Amino acid sequence: MAETRLCFAIAADPPNRLDKALSRDVPEAASLSRSRLARLLAGGAVRVNGDVADNPKARVAEGDRVEIMLEEPSESHIGPEDIPLNVVYEDGELIVIDKPAGMVVHPAPGTPQGTLVNALLHHCGRTLSGVGGVARPGIVHRIDKDTSGLLVVAKSDRAHQGLAAQFEKHSVIRHYLAIVHGVPEASDPRLRGTRGVSFETGNIMKVTSGLARHKHDRQRQAVLFDGGRHAVTRARVLESFGTPPALALVECWLETGRTHQIRVHMAHAGHGLVGDPVYGGRRKLPLRALSPAGLAAARDFPRQALHAATLGFVHPVTGDQMQFTSPLPMDMARLIDALRGAVRASNAPGKN
């Protein structure tokens, strides 16, 4: 495998450890994260003043000459595919995609091709500087196959590390739009008696629980109150549909980001997403609340009505605050139009 030699000098007032000095002084253009540098040290790929340096705690001095032997990123085992992408933003470090419903993010045994990663490998080509030594896009978060909307993908190792750290700290802004059964209201005594559900000022519903794989169905997640991964979802009603109200457009935002989190939490609260085949979103609608057209549109909606509408984070290299929004996809917009037209009497938007 081809190698390149990266050479630089330790700057003034270096930290008292080699690994920290490397992290501070390695050229930004190399896109080497701290974890990648640690692997290079352990692998004997770093020389200081001509000698192999593999002790991360070793002392260095201003002016010491550093050489790092870098293998060219190996090709990913995943093949590139010429699949159209809706690119919202792109630079040398990362790319933001507006994913359509129906596209899987990463290849898996059941879907080895046609995924977002396949499309990104073709789109990005040689602009991928390598994540963990492999020329591949760095997936730091995912959205379900049948959920549409925004996600950010790293193109470099340092961007991957920086974005992953933000997701781990739950500092990334992620707001979703969903169409749910019923209308979550603080005045609902059933919700007040549902474990894990509370309300905050402004009629904001908060669902707090642990989440873990379902004991009997490995494709599902289950709400737990003893164990599981901590998960917090907030939701507020933007608009309700029907007389009496039968469905609602809600904005949901994540304090944590767990698998199926919004879908599981909204179902736990008794407000499952329209069209959700896993968590009970195809339940019977009240016939007299909506017109036949509205009933048909909701009953026949082919996927969970969930869209990742807002994504915000700090750029992991420049430090700039970035925020992106995505309009509702056509299928959800048409569903809302049908529901609005189906209301038998005027119905004001839900309280904020």
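Residues numbered from 1 in each chain as written. Predicted model: local features only at pLDDT ≥ 70, side-chain atom pairs only at ≥ 80, totals over all residues. Heavy atoms only, no water.

1. Re the pattern of salt bridges
As a reminder, the rule being used: For this document, the term salt bridge refers to a Lys or Arg side-chain nitrogen within 4 Å of an Asp or Glu carboxyl oxygen. Comment: elements are numbered from the N terminus, with helices defined as DSSP H or I runs of at least four residues and strands as E runs of at least two.
Summed over the entire model, instances satisfying the criterion amount to 15 salt bridges. A salt bridge links Glu251 to Arg236, with the nearest nitrogen and oxygen atoms 2.7 Å apart. Separated by 15 residues along the polypeptide, Glu251 in strand β16 (residues 247-254) and Arg236 in strand β15 (residues 229-241) bring together distant segments of the chain. Put simply, Arg303 and Asp331 hold a salt bridge, and the shortest N to O gap is 2.7 Å.

2. Focus on the pairing of strand β17 (residues 306-314)
Basically, it comes down to this: Exposed residues in this analysis have more than 50% of their type's maximum accessible area, buried residues have under 20%, and partly exposed residues fall in between, with area computed by a 1.4 Å probe over protein chains only. Between any two strands, at least two bridges found by DSSP are needed for them to pair.
When you tally the buried positions in β17, you get 8 out of 9 residues, the bulk of the element. When strand β10 (residues 148-154) meets β17, the two strands line up parallel, connected through 2 bridges. Residue pairing in the sheet places Ser148 in a bridge with His307 of β17. As paired elements, β17 and strand β18 (residues 321-325) share 5 bridges and run antiparallel to each other. Residue pairing in the sheet places Gly312 in a bridge with Gln323 of β18.

3. Notes on the packing of aromatic side chains
Two numbers describe a pair of aromatic rings. These are the distance of the centres and the angle of the planes. Put simply, the rule reads: Each aromatic pair joins two rings of Phe, Tyr and Trp (for Trp, the six-membered one) with centres within 6.5 Å, and gets the label stacked for planes under 30 degrees apart, edge-to-face for over 60, and tilted for any other angle.
For the structure shown, the criterion picks out 2 aromatic pairs. Considering the side-chain rings of Phe313 and Phe324, the 6.1 Å spacing of their centres and the 35 degrees angle between planes classify their relative orientation as tilted. Pair noted here: Phe313 is in strand β17 and Phe324 is in strand β18, with a separation of 11 residues, a long-range link. You'll find Phe313 and Phe324 in the same group, each marked buried. Grouped by ring-pair contacts, the aromatic residues Tyr89, Phe313 and Phe324 constitute a single cluster.

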